[in-house]
Amino acid sequence: MIYADNAATTKMSEAAIHTMITTAQETWGNPSSLYQTGQKAKEVLEEARSRVAEAIGAEPREILFTSGGSEADNQAIRSAAELGKKRGKTHIISTAFEHHAVLHTLKKLESEGYTVTLLPVHENGLVVPEEVAAAITDETCLVTVMFANNEIGTIQPIREIGAICREKGVLFHTDAVQAIGHVPVDVVLDNIDLLSASAHKFHGPKGIGFLYARKGIRLTNLIEGGAQERGRRAGTENVPGIAAMTTALTDACKAMEANAEKLTVLRDKLIAGLSEIPHSALNGDAAKRLPSNVNFCFEGIEGESLLLLLDDRGIQASSGSACTSGSLDPSHVLLAIGRVHDVAHGSLRLSIGEDTSEDDVAYIIKSVKEVVEYLRGFSPVWRDLCAGKASFIL
Ligand SMILES: Cc1ncc(COP(=O)(O)O)c(C=O)c1O
């Protein structure tokens, strides 16, 4: 079996599993309890906070543990929006290809009276910093642009966008769920005020993540209750999950450079191999993308059929994001970069990982070529294209 869907989730590392089990066994106390069992758990919690902070160039008190990326996105955006409202600023800037955790939060805020500008993403899947600058008005309280896109893997000019926001006095949030542990992220150098991350994207457990909030930024609570996380998120902390996330993050950061080098070679081989398929196209910039991500459109086929036939051959991949697969709507990300509906339907995302080998890549290329040809063999859309009754787009 070849697992090529690491953007959906990653397998927990042995080290993270080990940390999770030993923490659950040995440090099971409530970190808020004053006696020793509790204080031992608190020590683990605070050690984890320091290490997570260190991994992104932050200070420990700037890290808040959450249930994952969605919660961190929700809290970051809502907090910035409420801070803005207090100063009479209710305009938010984002992009059309954000994750739904961001887009749906923005929709909700729109219904509450905020104005949202969604910047276009260009054909190469990149946001242009000058366009962010041009969209900022006196009313703008927040810019939120993802670090790396979950479907097409393009890496945004975060540092430049952050610098523009700093200069204009606007808060800048980035959903870095796909970037953390994979590409270098430094909240100070990158001019980031708020950042979301999720452990299950870097070989940690599901249901745990963190929010970085630059000191001085007052967060709005999404969950009311006890005074955990310095009063910013109620609920007894998931100490084993947090400890396991920290192990996974530390390991991911240590191996980042070597992994990126290896994956970039494999990624580029996949891109070269799949580009040989007639009427196909890579989605997103070929170089400014995650080392793990390959996303293609093939004209005249349905992505779902392609996925099922690849699964039969032992290849697990995705078309669109995990959250949208299962629905027949084409991916909003592919539409945002200008793919028309029919073409966007024939998409394939391969997100490789550290376990992927050269042989796996060769097998994937061979299989995709054969399956695309097979599916086109009985596709009425393909027949019409070949007969000249419709025009090829790719
Ligand atoms: C870019 C991005 N943001 C947010 C999320 C949500 O993270 P979580 O599953 O931890 O809630 C995901 C997960 O797919 C993601 O890829």
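This is a predicted model, so every value here is computed, not measured. (Residues numbered from 1 in each chain as written. Predicted model: local features only at pLDDT ≥ 70, side-chain atom pairs only at ≥ 80, totals over all residues. Heavy atoms only, no water.)

## As for the packing of aromatic side chains
In this description, a pair of aromatic rings is defined by centroid distance and the angle of the planes.
Turning to step 1, where the next piece is worked out: This structure, assessed with the given rule, holds three aromatic pairs.
Turning to step 2, where the next piece is worked out: Ring centres of Y374 and F378 lie 5.2 Å apart, and the angle between their planes is 85 degrees; this geometry places the pair in the edge-to-face category.
Turning to step 3, where the next piece is worked out: For F378, a relative accessible area of 49% gives the class partly exposed.
Turning to step 4, where the next piece is worked out: One Lys or Arg, R376, reaches over the ring of W382 and ends 4.0 Å from the middle of that ring. (Phe/Tyr/Trp six-rings, centres within 6.5 Å; stacked < 30°, edge-to-face > 60°. Buried < 20%, exposed > 50% of the residue type's maximum accessible area, 1.4 Å probe, protein only. Lys NZ or Arg CZ within 6 Å of the ring centre and 35° of its normal.)

## With respect to the domain arrangement of the protein chain
Turning to step 1, where the next piece is worked out: Each domain of the protein chain was delimited in the assignment, giving domain 1 (14-252) and domain 2 (255-386).
Turning to step 2, where the next piece is worked out: Across the domain 1/domain 2 interface, buried area totals approximately 2,100 Å², and carbon plus sulfur atoms make up 57% of it.
Turning to step 3, where the next piece is worked out: In terms of surface lost to domain 2, no three residues of domain 1 exceed H100, E151 and I152, which account for 32% of the buried area on that side.
Turning to step 4, where the next piece is worked out: If you look at where domain 1 meets domain 2, you find zero salt bridges.
Turning to step 5, where the next piece is worked out: Viewed at the interface, domain 2 and domain 1 are joined by 13 residue pairs in polar contact (both at pLDDT 80 or more).
Turning to step 6, where the next piece is worked out: Elements with a minimum of two residues in the side of domain 1 that touches domain 2: α4 (100-111) and α8 (239-275).
Turning to step 7, where the next piece is worked out: Split by residue class, the side of domain 1 that touches domain 2 holds 11 nonpolar, 13 polar and four charged. (Domains from an automatic or database assignment. Buried area = accessible area lost by both parts, 1.4 Å probe. Salt bridge = Lys/Arg side-chain N within 4 Å of Asp/Glu carboxyl O. Polar contact = N/O pair within 3.5 Å; in protein donor to acceptor, adjacent residues only side chain to side chain. Helix = DSSP H or I, 4+ residues; strand = E, 2+ residues; numbered from the N terminus. Nonpolar A, V, L, I, M, F, W, Y, C, P; charged D, E, K, R; others polar.)

## What to know about unusual backbone geometry
Comment: phi is negative for the bulk of residues other than glycine, and the bulk of peptide bonds are trans.
Turning to step 1, where the next piece is worked out: One non-glycine residue, N191, adopts positive backbone phi at about 60 degrees.
Turning to step 2, where the next piece is worked out: Looking at the secondary structure, you find N191 in the loop between β6 (171-175) and β7 (194-198).

## A few points about the pairing of strand β4 (residues 115-119)
A regular strand places its side chains on the two faces of the sheet in alternate fashion.
Turning to step 1, where the next piece is worked out: Where strand β3 (residues 91-95) lies against β4, five bridges are found, and the strand directions are parallel. Along β4, the bridge assignment pairs S94 with L118.
Turning to step 2, where the next piece is worked out: In this fold, the crossover linking β3 to β4 by way of α4 has right-handed handedness. (Pairing = 2+ DSSP bridges. Right-handed = clockwise from strand over helix to strand, strands pointing away.)

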